Amino acid sequence: MGASYEKNSLTLPGAVAMGTGVMIGAGIFALTGQVAELAGALFPLAFLMAAMICGFSAYSYIKVSNKYPSAGGIAMILKKAYGPGMVTGGAALLMAFSMIINESLVARTFGTYTLQLFGIEGGILVPVLAIGLIVAAFLVNIAGNDVIGSVSKVTAVLKIGGILLFALVALWAAGFAFQPAANGVADKTSAGGFLAGVALAILAYKGFTTITNSGGEVKDPKKNVGRAIMISLAVCTAIYLLVCYAVGSTLSIEEIVKAKDYALAEASRPAVGEYGVWFTVAIAIIATASGLLASVFAVSRMLAMLVEMDLIPEPKLGLPGDTHTHTLIYTVVAAGLLAAFFDLSRIASLGAIFYIVMDIIIHWGVYRHLRNDVGAKAPVLITAILLDAVALGAFLVMKGQSDPLIVVIALVGMVAIFAFEHFYLSKSGDGDDTAGSQTKD
């Protein structure tokens, strides 16, 4: 499998482009309306709070990656903390599935926005277009890192420039007025709803882990992985806040929620009419396509790393190619199935639950076993755990009231993942969850 990894094939700008590619593709277009539905008029603040939480979260990933840069970095962090056992395999699969879920979220967003060009809302064409985009991302990934890096850089410039132009035009047309503030910015917003919105908004930033997963391929990774993560988070936070303000300047909360699956396209209509809708849809197509491309790149390599670590089997099923090719195929098949059968709201909810649970496991592992080894500060790690736990708890309560089925699906899914790992590792004779040489207190 080693030939599939190309050391020094990703520069600092390339790594930043990959991270922002995943974040902006999912966050701006797929989640703005979803977060506003939960957090109400405080949805811009929910994105800001989510950025702060992810800043604390990034600390663990950066500290470990600086000392142990690796392709499939999250799996490496877990193995360093917990050893090659059920916790490592189960948590790594939670991350992989959250990334696959994110791919289906972005793909359906692509379909939803594309149909706005024809005045069509929903229907069977959304999953059809989503699956088509997933297949296209698979073909580009087969072409190799050079093609992926070039595409990521070009699309990053186009979509960031386009999104900034959209935001500035919308703000100018609305006279820089934030509509939800007219009746009191916190009206009809509960503390639980706000925190649930924060939990969902965290998905908009989780793309920074894409950089961690590609750490073994970044040039000078001990410096550039951390730099790429912090630059990506800063760029995306600024863009998200500007876009939230722009959407809120042209639409009321009720209008944002009504058009939650295509909120940015709807926000451009009052500002500059149909031409604005076409422009916004074009940027959405670029953003979601590049976001999916970057995510497929990262998750397939992470799964290949899990195979190499003997934490998951490699069912070749007679397919040609190496391990990475097989995991790439399984990645796009799983994303395609999710895109076909789940709507945007449920996909986002499932992804948020899986990701935050995995994130807590990461922080606890670094705190319990690795903090002395990598020079991490305990208060920062504990803060990251508490912030994640509060956001996740509020999200589960809200979803338990509005859509209990997705909470059940998430819980059953997590139990199944860890049960599968326990069964597989017990059969292979490597089921101990003892850490290897990690530093303990």
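Report follows, based on the coordinates.

Criteria and cut-off values
- Along every chain, residues carry numbers that run from 1 in the direction the sequence is written.
- Given that the model is predicted, a residue must reach a pLDDT of at least 70 before its local features are reported, and side-chain atom pairs must reach 80 or more before they are shown or counted; all residues, however, enter totals for whole chains, interfaces and linings.
- The basis for the side-chain values is all heavy atoms of the structure; hydrogens and waters are excluded.
- Strands here mean DSSP runs of E at least two residues long; helices mean DSSP runs of H or I at least four residues long; both are numbered from the N terminus.
- Residue burial considers only the protein chains on display, and all accessible areas are found by Shrake-Rupley using a 1.4 Å probe.
- Here, a salt bridge means any Lys or Arg side-chain nitrogen found within 4 Å of an Asp or Glu carboxyl oxygen.
- When the centres of two rings from Phe, Tyr and Trp lie within 6.5 Å, Trp using its six-membered ring, the rings pair. Their planes under 30 degrees apart give stacked, over 60 give edge-to-face, and anything left gives tilted.
- Two limits define a charge over a ring: the Lys NZ or Arg CZ must be within 6 Å of the ring centre, and within 35 degrees of the ring normal.
- Patch definition: residues above 30% relative accessible area lacking any salt bridge, with like charges linked at up to 9 Å and the nonpolar side chains Val, Leu, Ile, Met, Phe, Trp and Tyr linked at up to 5 Å.
- An expected span of 1.5 Å times one less than the residue number is assigned to each helix.
- Any residue under 20% of the maximum accessible area for its type is buried, any over 50% is exposed, and the rest in between are partly exposed; the area is computed with a 1.4 Å probe on protein chains only.
- Helix axes are fitted to C-alpha atoms over the stretch in contact, other axes to C-alpha atoms as well, and angles between N-to-C directions run from 0 to 180 degrees.
- Put simply, angles under 35 degrees are roughly parallel, angles over 145 are roughly antiparallel, angles from 65 to 115 are roughly perpendicular, and the rest are oblique.
- In a left-handed crossing the near helix is turned counterclockwise from the far helix by less than a right angle, and in a right-handed crossing that turn is clockwise.
- The contact criterion used throughout is that any non-hydrogen atoms of two residues lie within 4.5 Å.
- Ten residues, namely Ala, Val, Leu, Ile, Met, Phe, Trp, Tyr, Cys and Pro, are considered nonpolar, four, namely Asp, Glu, Lys and Arg, are considered charged, and the remaining ones, Gly among them, are considered polar.

1. Notes on the overall build of the chain
- For the chain, the helix and strand inventory stands at 15 helices and zero strands.
- Of the roughly 16000 Å² of accessible surface on the chain, a fraction of 68% belongs to carbon and sulfur atoms.

2. Remarks on the pattern of salt bridges
- A complete count under the given rule lists five salt bridges for this structure.
- Across the salt bridge formed by E37 and K260, the nearest N and O atoms sit 2.9 Å from each other. Of the two residues, E37 is situated in helix 1 (residues 12–39) and K260 in the loop between helix 10 (253–258) and helix 11 (263–308); the sequence distance between them amounts to 223 residues.
- A salt bridge links R346 to D403; the shortest N-O distance between them is 2.9 Å. With a gap of 57 residues between them, R346 in helix 13 (residues 344–374) and D403 in the loop between helix 14 (378–402) and helix 15 (404–428) connect regions that are remote in the sequence.

3. With respect to the packing of aromatic side chains
- Evaluated as defined, the whole model comprises seven aromatic pairs.
- Seen in terms of ring centroids, W364 and Y367 are 5.5 Å apart; in terms of plane orientation they differ by 35 degrees. Their pairing is tilted. Pair noted here: W364 and Y367 are both in helix 13, with a separation of three residues, about one helical turn.
- By the ring-pair criterion, three or more aromatic residues cluster together here, those being F47, Y205 and Y240.
- Stacked on the ring of Y367, the Lys or Arg R371 has its end atom at 4.4 Å from the ring centre.

4. Considerations on a nonpolar patch on the surface
- Taken together, L117, F118, I120, I124, L125, V128, Y275 and W278 make up a surface patch of nonpolar side chains, about 860 Å² in accessible area.
- Among the elements of the structure, helix 5 (125–143) and helix 11 are those that each provide at least two residues to the nonpolar patch.
- Relative to the elements of secondary structure, W278 occurs in helix 11.

5. Here we look at helix 4 (residues 86–115)
- Between the first and last C-alpha of helix 4 there are 43 Å, a value that for 30 residues agrees with the 44 Å anticipated at 1.5 Å per step.
- Within helix 4, 27 of the 30 residues are buried, which leaves the element mostly enclosed by the surrounding structure.

6. Examining the packing of helix 13 against helix 15
- Two elements in contact, helix 13 and helix 15, have axes whose closest approach is 10 Å; the angle formed by their N-to-C orientations is 45 degrees. The orientation of helix 13 relative to helix 15 falls into the category oblique. The chirality of how helix 13 crosses helix 15 is right-handed. For the pair helix 13 and helix 15, contact is made by R346, S349, L350, I353, F354, V357 and I361 and by L405, I406, I409, A410, G413, M414, I417 and F418, respectively.

7. A word on the environment of L200
- Along the chain, L200 turns up in helix 7 (residues 191–201).
- Here L200 falls in the buried class, since its relative accessible area comes to 3%.
- Taking the C-alpha atoms as reference points, L200 and F395, separated by 195 residues in sequence, lie 7.8 Å from one another.
- Setting aside residues up to four positions removed in sequence, L200 forms contacts with L31, Q34, V35, L38, A348, S349, A352 and F395.

8. A closer look at the environment of G375
- Within the secondary structure, G375 is located in the loop between helix 13 and helix 14.
- Once the C-alpha coordinates of G375 and K63 are considered, the two residues, 312 residues apart in sequence, prove to be 7.2 Å apart.
- With sequence-adjacent residues up to four places away left out, G375 is seen in contact with Y59 and K63.

9. A closer look at the packing of helix 2 (residues 43–67) against helix 7
- At their nearest, the axes of helix 2 and helix 7 sit 8 Å apart, and the two run at 60 degrees to each other. Put simply, helix 2 runs oblique to helix 7. When you trace helix 2 past helix 7, the crossing you get is right-handed. Of helix 7, the residues touching helix 2 (which contributes L45, A46, F47, M49, A50 and I53) are F194, G197, V198 and A201.
- Class assignment of the residues belonging to the contact of helix 2 with helix 7 gives a composition of nine nonpolar, one polar and no charged.

10. Focus on the side chain of K399
- Here K399 is to be found in helix 14.
- If near-sequence neighbours (up to four positions away) are discounted, K399 is found in contact with S345, S349, P404, I406 and V407.

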